[in-house]
There are 2 protein chains.
Amino acid sequence: MRRLTAILGVLGLVLSAPASSSADPLPGWRDSPVRQRILAFVATVTTPGSPGYVTPMDRIAVFDDDGTLWPEKPRAQGMFALQRLRSLAGDHPEWQSQMPFKAALELGSKYLEEASDEAVFQLIAAAYAGRTQDAFRQDVREYFATARHPRFERPYTRLVYSPMRELINYLKANGFRVFISTSGSVDLVRVLAEDLYGIPADDVLGSSVVSTLREEDGRLVLRRLGSVHALNDGPRKPLAIDLHVGRRPILALGNINSGGDIDMLRYSQQPGVPSLQVLISHDDFEREYAYDEPDGASVKAANANGWLLVSMRYDWLQIFSAE
Amino acid sequence: MRRLTAILGVLGLVLSAPASSSADPLPGWRDSPVRQRILAFVATVTTPGSPGYVTPMDRIAVFDDDGTLWPEKPRAQGMFALQRLRSLAGDHPEWQSQMPFKAALELGSKYLEEASDEAVFQLIAAAYAGRTQDAFRQDVREYFATARHPRFERPYTRLVYSPMRELINYLKANGFRVFISTSGSVDLVRVLAEDLYGIPADDVLGSSVVSTLREEDGRLVLRRLGSVHALNDGPRKPLAIDLHVGRRPILALGNINSGGDIDMLRYSQQPGVPSLQVLISHDDFEREYAYDEPDGASVKAANANGWLLVSMRYDWLQIFSAE
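Peer 1: Hey, could you go over the relation of the copies chain A and chain B for me, with residue numbers and the actual values?
Peer 2: When chain A is fitted onto chain B, the two copies agree to an RMSD of 0.0 Å after a turn of 180 degrees and an axial shift of 0.0 Å. The superposition operator between the copies reduces to a two-fold rotation axis. The position closest to the rotation axis in chain A is occupied by the C-alpha of A:His244, lying 3.6 Å away. Same-surface contact between copies: 100% of interface residues of chain A are shared with the interface of chain B.

Dropping the structure here:
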């Protein structure tokens, strides 16, 4: 009898663990108004019969990637491009004078702390022109298996902001579909997203290069060309979400840096539908970085529209996981 | 004790129902070599330790839509466009002379039995130019709530091929991610896919129009323009799968009509990885339609590459569900 009760207990745990667990779902978040607003929003949209109830099908959350889920100084994507640019530079004398190649090759990670989204993506597009998509994915796996962040001296793959990873898990446990919308390479983030964030490859949206379908050795192969197909930033983000997801998100999260997430957050806000918009503020010089936007556009939009500003320094008890 | 055993039994069923249920997963399929090959393929890729085992993450299946999951004579998408073309024709005298508008307006469903993928999508693009994406989705819902097929005299939404619906459920129960890749409007199929096929909106790929992001009444709104962004057919299908899914499918299903699925099926076949390619043959004049491809390209590709040909007449015990 005791044994059966134990089995039932285990089964009960398996069946109900995510949604009704009494353990704190967001242990890395200080018990602040920010955390309370996130919990209240999720409670509102998941409580059947409440006026703000949203069916699981419409519980769409979209996260920016660089600077929102992991550090963007320097851009890990840019570092990945740089090692290949360096190895190919002998065959490309034009890179010695052309931007952004010249700056990347001369200044390395210092440049990749400040480079624009567009410049970083240009580096990837050019560095991997001619690779098959299958080989590119393998390149990503191999690079990130060993590459380490220059300041934190641990693998990039262990620099996910742990409060954000908690938030993703908490949302999924509450019936949300969680997508990433990055201005970086969609092909790169997809390879890592499952391990880093628990998000499957097809739930990642991002910038893409033009590819071509070729017959090689009797098989169809996709090869990357050097040109940019779409840069997923600013107004492109809502357009890409509509094209890929086909529903308007009710939760959108970005960070304060280039203003590239403003349109995505605005798009997730519509009259009569409960929604939440979140911007991460990089104000933690000691544990991560401290930087702002020159024109302050993101903060202005946040104040005008009632968005939630998250202070990394104050609201996050922990930035990276201990292990 | 008996009660506990019963509870355990129910829990066991809940936990293991899809994969190990002893009920026939494909009751609408005749017990033919076709059905046996499908069952054998699924068994191979889902048996841990077997040389053909494929992890759930890589169990990607892609289905064409029109003619593969429901009839394409006439095109339901074309009928949806036609009713709006007719209501707007007074403001568009040019449609009286321009193709494909002229043919659609003059010949109606007869034209839509033979029109090309490209022509049908042009009709939708033009008919709904200027609509917001939200309004377009509502238009789709309203049209398909009442519209009936001219020959079968039942709603289009009750003309899903029931053996294919069984196959989708069977694949999902075996850990497959199931996508649709249609040459029709992605925005249209998405509205219906959840109800028709149990496939969520974001797992549908298809043709798209150019949209624009506009500020209207202080909100960001997406409006459809009249031009075609991408026609998802032929070589576009593998490219779109790579862009949207980021993995190569191991199972691809299309039908014999225009040859538009050949590239998608070829792309799903690669050395060293178990895969299955399926083409539906419309050879059932009595229960559905009988038609072929003028150049026979799909059948030639099937024979050259070992693809599975499904005879609707012989292999399917039932075409549509009884209710």
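Let us keep going from here.
Peer 1: A description of the layout of surface pockets should follow, citing residues and the corresponding values.
Peer 2: All names here are of chain B. Estimates place the volume of the largest pocket at around 570 Å³. Of all the secondary-structure elements, those providing two or more residues to the lining of the largest pocket are helix H6 (133-146) and helix H8 (186-197). When residues in the lining of the largest pocket are grouped by element, the largest group, seven residues, is from H8. Split into classes, the residues belonging to the lining of the largest pocket amount to 11 nonpolar, three polar and 10 charged.

Peer 1: Requested: an account of helix H2 (residues 33-46) of chain A, with residues and values cited.
Peer 2: Residue and element names in this part refer to chain A. Spanning 14 residues, H2 covers 20 Å between terminal C-alpha atoms, matching the ideal 20 Å at 1.5 Å per step. All of the buried residues along H2 are Val-34, Arg-35, Ile-38, Phe-41, Val-42, Val-45 and Thr-46. Around the axis of H2, the buried residues are gathered within 125 degrees of arc, so they sit on the same side. If you follow the buried residues of H2, they end up packed against helix H7 (162-173), strand E5 (251-255), strand E6 (276-281), strand E7 (308-311) and helix H12 (312-315).

Peer 1: Explain the confidence of the model for chain A to me, and be specific about the residues and the numbers.
Peer 2: All names here are of chain A. The pLDDT averaged across chain A works out to 93; a share of 93% of its residues lies at or above 70. Below pLDDT 50 for its whole length, residues 4-20 participates in 19 contacts with residues either more than four positions away or in separate chains. The ipTM, which scores confidence in the relative placement of chains, is 0.89 for this predicted complex, and the corresponding pTM is 0.91.

About the criteria used
Residues numbered from 1 in each chain as written. Chains lettered and ligands numbered in written order. Predicted model: local features only at pLDDT ≥ 70, side-chain atom pairs only at ≥ 80, totals over all residues. Heavy atoms only, no water. Least-squares fit on C-alpha atoms with pLDDT ≥ 70 in both. Contact = heavy atoms within 4.5 Å. 1 Å grid on protein atoms, 1.4 Å probe; cavity = no way out; pocket = protein on both sides within 12 Å on 5 of 7 lines; lining within 4 Å. Points joined across faces, edges and corners; volume = space filled by probe spheres on them. Helix = DSSP H or I, 4+ residues; strand = E, 2+ residues; numbered from the N terminus. Nonpolar A, V, L, I, M, F, W, Y, C, P; charged D, E, K, R; others polar. Expected span 1.5 Å × (residues − 1). Buried < 20%, exposed > 50% of the residue type's maximum accessible area, 1.4 Å probe, protein only. Arc of directions from axis to C-beta. pLDDT = per-residue confidence, 0-100.

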